[in-house]
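One letter stands for each residue in the lines below.
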Amino acid sequence: MKYKILLVEHDAASLRVLKRIIGKINLDVVVATSLTEAKLIFESSTPESFLCAVVDYSLPDALHGEAIDFAIASFIPVIVLTSLPDDDVRKRILSKAVVDYIPKQNRQVFEYLSRLLTRLEKNKKVGVLVVGKRPSSRNKVCELLNRHNFETFQANNTHDAIETLYENNLIKLVITENELKDETGIELVAAIRKEFSKEEVSIIGTSNLRQPALLAKFIKSGANDYLREPYCHEEFFCRVVQNIEHIEQIDVIRKTANTDYLTGLPNRRHFFEEVSSSIKRGLDSMCLALMDLDHFKQINDTHGHDCGDVVLKEVSKLMKKHFAAFPMSRFGGEEFCVFFPNMGKEQAIQTIDAFRLKVADKKIRRKRQTISCTVSIGLTALNADKIELMLSQADECLYKAKSRGRNQIVST
Ligand SMILES: Nc1nc2c(ncn2[C@@H]2O[C@H](COP(=O)(O)OP(=O)(O)OP(=O)(O)O)[C@@H](O)[C@H]2O)c(=O)[nH]1
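Cut-offs used in this document
- Residues numbered from 1 in each chain as written.
- Predicted model: local features only at pLDDT ≥ 70, side-chain atom pairs only at ≥ 80, totals over all residues.
- Helix = DSSP H or I, 4+ residues; strand = E, 2+ residues; numbered from the N terminus.
- Rg over C-alpha atoms; globule rule 2.2 N^0.38 Å.
- Buried ≥ 20, exposed ≤ 12 C-beta atoms within 10 Å, placed from the backbone.
- Contact = placed C-beta atoms within 7 Å.
- Pairing = 2+ DSSP bridges.
- Axes fitted to C-alpha atoms, helices over the stretch in contact; angles between N-to-C directions.
- Arc of directions from axis to C-beta.
- Expected span 1.5 Å × (residues − 1).
- UniProt positions renumbered as here; feature names shortened; annotations may be inferred.
- Parallel < 35°, antiparallel > 145°, perpendicular 65-115°, else oblique.
- Left-handed = near helix turned anticlockwise from the far one by under 90°.
- Near = placed C-beta within 6 Å.
- Nonpolar A, V, L, I, M, F, W, Y, C, P; charged D, E, K, R; others polar.

**Regarding the overall build of the protein**
Moving on, step 1. If you tally the helices and strands in the protein, you get 15 helices and 17 strands.
Moving on, step 2. For a compact globule of 412 residues, the expected C-alpha radius of gyration is about 22 Å, and the protein comes in at 28 Å, more than 25% above that figure.
Moving on, step 3. Buried residues in the protein amount to 33% of all 412 residues.
Moving on, step 4. When contacts within the protein are restricted to residue pairs at least 6 apart in sequence, long-range pairs at least 24 apart make up 65% of them.

What follows is the structure, encoded as C-alpha cells:
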C-alpha cells in the first residue's frame, strides 16, 4: 500500500521543495494550503490512508499551531514545520503529541524530514515490547511509540515478555523498567539474552534519578542501552531509533552474507546452517536433491556469458516459486540444492520431477534469442545425521543422471 502525506503548508517555495522530497521517497502528497482546506480534505478520506501530516506551525487561518491540534485530533502522526525556531515555540510544539518538529533553517533539515518519513513508514512493520509493573507507565511509553507508528506490545512479567517475543518476530526492541510483577527488569534482561542475542533484539533499560546504579547493571546484564527518567521526548526517540537501526543494519549484513549475489537465492553456507539445524532438531524422514543445469558451458559459449547469467536467474526464479516451502540454495556455478524435511522419497521425487519438467518447458527470451535448458537431478532419501553424507549420496546420483543422458532424476 502506498501511503499519503497530508502536507499543510502555505509558503509556495517550501511547498515546491517538500513535494519534491516526499515524491522522491515514493509517497503520495495531498496538499492543503490552510487549515480550512485540510479539514475539507479530511472529510472525504480516512486517517489510515495517511502515513502522517506535515504541518506548518503558522498558517493564515491558524496562526498559533491550531492545525497541529486538528491533525492530532484526527489520529494522524504529525510532524511540525516552523520558521519561528525560538525556544518558546519549540516548547509549545513539543508539549503537544507530535512526532517531531523541524525548523525551516536550511536544506539539511529537509533531508532530515525525508529520513523521518522513511522511518515512519518502516516503523509500521517494527514491534516494540514495553515491560513494567504499572499499566500507566507502560501506556505512557506505548503512546509515545504509537505516535511514531510502531506496533506496541506490553507485558508485566518475565514469562509473558519472553512468550510475546517468541510469538511476534517483528519485535526488534524491548523497553523495560526494573520493577516488574514477578522478577526485576535486570533478571528479565538476563533471561532474554539466554534466548535472543543483541543482534536479534535490542533492549533499553529505564531507571529514575534515584537509582542511577541500575543503568550500569542493565548494561552488564545484556541491555544495549538505557534511559534515565524523566527523559525528554526527543532523547527517547533518538535512542529508540538508534537501537532499532542497529538491528536493521545487522539484518542487512546477515542477509547479504547469506545470499547469492546473482540469483538472490540463499548461498551454500546459509543452506548448510539451515539444513544442519533442521536435522539436529530431529526429522521423521528427509530427502535432499542436487541439481545441475545440462550443457551449461554450451549455453555460455553459444549465447554469451550474459545470457548464461540470465538463464541462472530465470531457473532460480522458478525454484523460488516451486520450492517456496523448502530450504534451497545456489550451491555454486550452475548447481542448486533443495532439502525436503519430513518428506518421503516418492513425494520428493514427484515434487522435483514437476520442477524438472517446468525447466524443460521454459523458454527464456533474450536479445531476440530463445534459450531452453534442462536439469539433471540426484536425489537421496538417506536418513543421515550429517548433511555432508546426504550430499555425497546425491552427488553420486547426479553423476549417474548425467551419464545416463541428462534431463532426468536418479535417486537412492
Ligand atoms: N554465465 C555464467 N556461467 C557460469 C557461472 N558459474 C559457472 N559458470 C559456467 O558454467 C559452466 C559449467 O560447465 P561444465 O562444468 O563443463 O558443465 P556443463 O557444460 O553444464 O555440462 P554438464 O554439467 O556435464 O551437463 C562453465 O562454463 C562455467 O564457466 C555464472 O555465474 N555465470
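**A few points about the sheet that holds strand β6 (residues 127–131)**
Moving on, step 1. The strand order across the open sheet built from 5 strands is β7-β6-β8-β9-β10, with neighbouring strands paired in parallel fashion. The open sheet has two edge strands with one neighbour each: β7 (151–155) and β10 (225–229). On average, each strand axis in the sheet is inclined to that of its neighbour by 20 degrees, with strand direction left out of account.
Moving on, step 2. Note that β6 and strand β8 (residues 171–177) share 5 bridges and pair parallel. Bridging from a neighbouring strand, Val 131 pairs with Thr 176 of β8.
Moving on, step 3. Sheet contacts for helix α8 (residues 185–195): β6, β8 and β9 (202–208); angle to β8, the most-contacted strand, approximately 155 degrees.
Moving on, step 4. In the packing of helix α10 (residues 233–258) onto the sheet, the strands contacted are β8, β9 and β10, and the crossing angle to β9 comes to about 160 degrees.

**Topic: helix α3 (residues 66–73)**
Moving on, step 1. Every buried residue of α3 is accounted for by Ala 67, Ile 68 and Ala 71. The arc that holds every buried residue of α3, seen down its axis, measures 105 degrees, which confines them to one face.
Moving on, step 2. Immediately downstream of α3, the backbone of Phe 75 shows phi near 65 degrees, a positive value.

**Quick look at unusual backbone geometry**
Moving on, step 1. Of note, the bond from Glu 229 into Pro 230 is cis; its omega dihedral lies within 30 degrees of zero at 0 degrees.
Moving on, step 2. Relative to the elements of secondary structure, Pro 230 occurs in the loop between β10 and α10.
Moving on, step 3. Phi at His 295 is positive, roughly 45 degrees, even though this residue is not glycine.
Moving on, step 4. Overall, His 295 belongs to the partly exposed group, with 14 C-beta atoms counted inside 10 Å.
Moving on, step 5. Of note, the phi angle at Asn 342 is positive, near 50 degrees, even though the residue is not glycine.

**What to know about helix α11 (residues 268–281)**
Moving on, step 1. Helix length check: α11, at 14 residues, gives a terminal C-alpha distance of 20 Å against a target of 20 Å (1.5 Å per residue), a fit within 8%.
Moving on, step 2. Within two residues after α11, Gly 282 carries a phi angle of roughly 95 degrees, on the positive side.

**With respect to the pairing of strand β3 (residues 50–56)**
Moving on, step 1. Buried residues dominate β3, accounting for 7 of its 7 residues.
Moving on, step 2. Pairing of strand β1 (residues 4–8) with β3 involves 5 bridges; the strand directions are parallel. Across the sheet, the residue bridging to Val 8 is Val 55, located in β3.
Moving on, step 3. Where β3 lies against strand β4 (residues 78–82), 4 bridges are found, and the strand directions are parallel. Its bridge partner being in β4, Asp 56 is matched across the sheet by Leu 81.

**Describing the UniProt feature "domain: Response regulatory" (unreviewed entry) in the protein**
Moving on, step 1. Under the UniProt annotation, the feature "domain: Response regulatory" (unreviewed entry) is placed at residues 4–119 and 127–244.
Moving on, step 2. Within the segment residues 127–244, helix and strand shares are 47% and 25% respectively, and the terminal C-alpha atoms sit 10 Å apart.

**Re the packing of helix α2 (residues 35–43) against α3**
Moving on, step 1. Close contact between α2 and α3 brings their axes to 10 Å; oriented N to C, the two are set at 15 degrees. In terms of axis orientation, α2 runs roughly parallel to α3. Remark: the crossing between α2 and α3 carries right-handed chirality. Where α2 abuts α3, its residues Leu 35, Ala 38 and Lys 39 lie against Glu 66, Ala 67 and Phe 70.

**A look at the site of the ligand**
Moving on, step 1. Neighbouring the ligand are 17 residues; Asp 294, Phe 296, Lys 297, Gly 308 and Gly 333 lie closest to it.
Moving on, step 2. Among the elements of the structure, β11 (286–293), α12 (296–303) and α13 (305–322) are those that each provide at least two residues to the shell around the ligand.
Moving on, step 3. Its residues assigned to classes, the shell around the ligand shows 4 nonpolar, 6 polar and 7 charged.

**Comments concerning the packing of helix α7 (residues 158–167) against α8**
Moving on, step 1. Where α7 contacts α8, the two axes come as close as 10 Å, and the packing angle between them is 30 degrees. Crossing angle aside, the handedness with which α7 passes α8 is right-handed. Listed contacts from α8 to Thr 158, Ala 161, Ile 162 and Leu 165 of α7 are Glu 187, Leu 188, Ala 191, Ile 192 and Glu 195.
Moving on, step 2. The residue makeup of the contact of α7 with α8, split by class, is 6 nonpolar, 1 polar and 2 charged.

**Description of the environment of Lys 321**
Moving on, step 1. Counting through the fold element by element, Lys 321 comes out in helix α13.
Moving on, step 2. In the structure, Lys 321 is positioned 260 residues away from Asp 61 in sequence and 55 Å away in space, judged by C-alpha atoms.

**Observations regarding the sheet that holds β3**
Moving on, step 1. Taken together, 5 strands build an open sheet; the order of strands is β2-β1-β3-β4-β5 and the sheet is parallel. Looking at the sheet topology across the chains shown, the edges are occupied by β2 (28–32) and β5 (100–103). Here the strands of the sheet are splayed against their neighbours by 20 degrees on average, with no regard to which way each runs.
Moving on, step 2. Of the strands in this sheet, β1 and β2 are in contact with α2, which crosses β2 at around 130 degrees.
Moving on, step 3. Lying on the sheet, helix α5 (residues 107–123) is in contact with β1, β3, β4 and β5; it crosses β5 at an angle near 160 degrees.

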